[in-house]
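Close look at the chain arrangement
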Amino acid sequence: MKEESLFQQMRFVRKRSLAALDATTEVIAGAKPEGFLNNIRWNFGHIFVSQENLLARFTGEEAFIPEGYIQLFNGGTSPDEWPEEVPRLPDLRKELESQTERLIQTYEGRLSEEGEKPFDLGGGIVFRTLDEVLNFTIWHEGLHQGTISAMKRAQGVENLF
């Protein structure tokens, strides 16, 4: 996949995440509908943390994650265990919005690089190059966009984006 095409997809998917965030209230973001493990706020934070973590671990470079975000939004965490103070939607928006261009600038011209350690998804699927891992993070973000939309619908929200 050509580099600019992958970056264009990255920008598009993030633009849709930001539109979904902008159409979300703090109350809706903090509710955990029946049948879901997390809330919408967690999903937005998880999109940020997982992309940052996966790419940094793969390349062996530093991740730019605000203090406390890993404990709140990493895989396996839950809002049920959160302290009273958590990032508000404008804070999450700021991190999500700046992340895309920062990552593009960091990885431009490097997408064919092999990582320090291959990313093994199991089942025989192993990503060895940066573009493969980046493509996975874009898919992962879309997966969480679907969860966010489902959570909004479960709360009776019609304005998804």
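Above this text is the structure in question.
This structure is a prediction, so every number in the text was calculated from the model and none was measured.

What follows is about the overall build of the chain. Within the chain one finds 6 helices and 2 strands. Each helix and strand of the chain, ordered N terminal to C terminal, gives the series α-α-α-α-α-β-β-α. Relative to the compact-globule value of 15 Å for 161 residues, the chain shows a C-alpha radius of gyration of 16 Å, a close match. By residue count, 45% of the 161 residues in the chain fall in the buried class. The contacts of the chain with a sequence gap of at least 6 include a subset with a gap of at least 24, amounting to 70%. For the chain, the accessible area works out to roughly 8,800 Å², and carbon and sulfur atoms hold 50% of it. Side-chain charges in the chain split into 17 positive and 26 negative, and the spacing between the mean points of these groups amounts to 5 Å.

On to the pairing of strand β2 (residues 125-129), then. The pairing of strand β1 (residues 114-122) with β2 spans 4 bridges and is classified as antiparallel. In the strand pairing of β2, D120 is matched with V126. Following β1, the chain reverses through 2 residues before pairing antiparallel with β2; G123 in that reversal takes a positive phi of roughly 65°.

Membership of the largest hydrophobic core comes to 21 residues, with the highest contact counts inside it found for I40, F44, F73, L92 and L96. Of all the elements in the fold, those that place two or more residues in this core are α1 (3-22), α2 (26-30), α3 (40-59), α4 (69-73), α5 (89-107) and α6 (130-154). Looking at this core element by element, the count peaks at 6 residues for α3. Excluding anything up to four places from it in sequence, L92 contacts L21, R41, F44, G45, Y69, F73 and P87. Residues F7, L55, Y107 and L134 belong to the second largest nonpolar core, which totals 18 residues.

Thresholds, definitions, all that
- Residues numbered from 1 in each chain as written.
- Predicted model: local features only at pLDDT ≥ 70, side-chain atom pairs only at ≥ 80, totals over all residues.
- Heavy atoms only, no water.
- Helix = DSSP H or I, 4+ residues; strand = E, 2+ residues; numbered from the N terminus.
- Rg over C-alpha atoms; globule rule 2.2 N^0.38 Å.
- Buried < 20%, exposed > 50% of the residue type's maximum accessible area, 1.4 Å probe, protein only.
- Contact = heavy atoms within 4.5 Å.
- Areas by Shrake-Rupley, 256 points an atom, 1.4 Å probe, with all protein chains shown as cover.
- Lys, Arg positive; Asp, Glu negative; His and termini not counted.
- Charge placed at Lys NZ, Arg CZ, Asp CG, Glu CD.
- Pairing = 2+ DSSP bridges.
- Core = buried A, V, L, I, M, F, W, Y, C linked by side-chain atoms within 4.5 Å.

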